[in-house]
Amino acid sequence: MGINKTSILIFAGLLISISVYAQDKRYIPIGHTKYKDTVLVTHPDTTFEKDIFDVIESVFRESKKPGKVDSVTSKPVISIIPAIGYTLQTGLAGTISGNVIFRLAPDTRISTITINPAYTQNKQVIIPIQSNIWSKNNKYDFIGDFRFYKYPQSSFGLGSNSDRANENPLVYSFFRFHETVLRNITGNFYAGLGYIFDDRWNMYEKGQLNGKTSDYERYGPVSRAISTGITFSGLYDSRDNPINASRGFYTSLQYRDNYTFLGSTTAWRSLIVDVRKYFRFPESSDNVLAFWSYDWLVLNGRPAYLDLPATGHDPSFTTGRGYIQGRFRGAQMVYLESEYRFKITRNGLLGGVAFVNGESFSAAPGTALQTMQPGFGGGLRIKLNKVSKTNIAIDYGFGREGSRGLFINVGEVF
């Protein structure tokens, strides 16, 4: 969940981590991956990986020689952060961010489940649950995305040329059920089908704060919109770790077809192309140079206004650091980002990042892409769990027109 301008995060001594794993320090080979899918870390000297809980333990217990990082096994490794945040939009917000990683068998890729529920002072409810479960021998990949929102949010109009002065608070409730099953075709390539169901109800606008007619009103407001249909997906994934990759390549394509006979309010089609590449740079270091392209295109039809691609509405809510969620919206979205990740401490407890991104949106369906809007910034990484390589990501981003904000995640942005 991104926490924007005028934000604070208070961990207040509530950090919790549950790490349950076998004491087997061997590398575990993974199917067809080019890189070993493991989080075992070894060094030629006496420097060992540390996380927050090693530091906490060292305060309350007698110091001892640190051990090596263990591999992920069938026993789950759970990382949880209860926290309190504040924004002008939400007021106080209580959230619990966490993930679970495990393997269903010794020769499978790492499976993950993430959950980030939050409740805000403005009585907003946010409950996202995402899962990526790999079957034995990596034959199948089950990808789930389940969400419930009671989520007032501002829109600023259509296109990347939209004006911040056109802020328009929108109110709606939202439920999502997405489930995709991919089957191994060859090597690191998978393909399969999925079912999607998105339901937004009790939708209405409070009206633009400047009193002008909103793009939401011009587009065609409805009180309820259901989008349901079938997805056709392809995946290529050679990353060494799905939570915090240091090398490898990832490409995902999802073609979505919404059908009225299944209950969709209107028929429309879209395509999402998600491409990521990771390099160690320099090669002999643990530093990483990462690139991300996320393109979200409405191919035909006319989705409801809130079904249109928008800033920060990707599955992980992480596009567009430097801008508030929903700042840009339109029928076509082209997004590019690069990030450099580096160690601050040799034991991996602290790290840093520098990033730059750009996003371009069209307005209503059938219109051309508009100006590319840049964002940039930097951040701190705190090792939450050395077994899963999960970091607490605390970033501060800047955009145009004075846009800026603090963005907090459990795990890397991409």
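Residues numbered from 1 in each chain as written. Predicted model: local features only at pLDDT ≥ 70, side-chain atom pairs only at ≥ 80, totals over all residues. Heavy atoms only, no water.

Right, let's talk about the nonpolar core for a bit. Core analysis: the largest hydrophobic core is formed by 21 residues, its most contacted members being Y149, L158, Y172, Y305 and L308. At the level of secondary structure, the elements contributing two or more residues to this core comprise β10 (168-186) and α2 (215-219). No other element matches the three residues that β10 contributes to this core. Excluding residues within four positions of it along the chain, Y172 makes contact with Y149, K150, Y151, Q153, R200, W201, N202, M203, L306 and H313. With 15 residues, the next largest nonpolar core counts I272, F328, F361 and F414 among its residues. (Core = buried A, V, L, I, M, F, W, Y, C linked by side-chain atoms within 4.5 Å. Buried < 20%, exposed > 50% of the residue type's maximum accessible area, 1.4 Å probe, protein only. Helix = DSSP H or I, 4+ residues; strand = E, 2+ residues; numbered from the N terminus. Contact = heavy atoms within 4.5 Å.)

Okay, a nonpolar patch on the surface next. Residues F175, F177, Y195, F261 and L262 make up a contiguous nonpolar surface patch of about 480 Å² in total accessible area. With respect to the helices and strands, F175 occurs in strand β10. Here F175 falls in the partly exposed class, since its relative accessible area comes to 36%. (Patch = residues over 30% accessible without salt bridge, like charges linked within 9 Å, V, L, I, M, F, W, Y side chains within 5 Å. Areas by Shrake-Rupley, 256 points an atom, 1.4 Å probe, with all protein chains shown as cover. Salt bridge = Lys/Arg side-chain N within 4 Å of Asp/Glu carboxyl O.)

Time to look at the pairing of strand β12 (residues 225-237). Burial of β12 is extensive: 10 of the 13 residues sit out of reach of the surface. Relative to strand β13 (residues 248-258), β12 runs antiparallel, the two sharing nine bridges. Bridge pairing in β13 links I230 to D257. (Pairing = 2+ DSSP bridges.)

We now examine the packing of aromatic side chains. The full count for this structure, using the stated rule, is 27 aromatic pairs. Taken together, the aromatic side chains of Y278, W292, Y294, W296, Y335 and F414 make up a single cluster linked through ring pairs. The ring centre of Y219 lies 4.0 Å from the NZ or CZ of R302, which sits over that ring. (Phe/Tyr/Trp six-rings, centres within 6.5 Å; stacked < 30°, edge-to-face > 60°. Lys NZ or Arg CZ within 6 Å of the ring centre and 35° of its normal.)

Here the focus is the pattern of salt bridges. Under the definition given, this model contains 23 salt bridges. With a shortest N-O distance of 2.9 Å, D286 and K343 are connected by a salt bridge. Of this pair, D286 sits in the loop between β14 (268-280) and β15 (288-301) while K343 is found in strand β16 (residues 332-343), placing the two residues 57 residues apart along the sequence. A relative accessible area of 28% means that K343 is categorised as partly exposed. Across the salt bridge formed by E339 and R321, the nearest N and O atoms sit 2.8 Å from each other. Here the residue E339 occupies a position in strand β16, and R321 occupies one in the loop between β15 and β16, the gap between them amounting to 18 residues. Each member of the pair E339 and R321 is classed as buried. Connected through shared salt-bridge partners, R321, E337, E339, R341, R381, D395 and E412 make up one network.

Keep in mind these values describe shape, not function.
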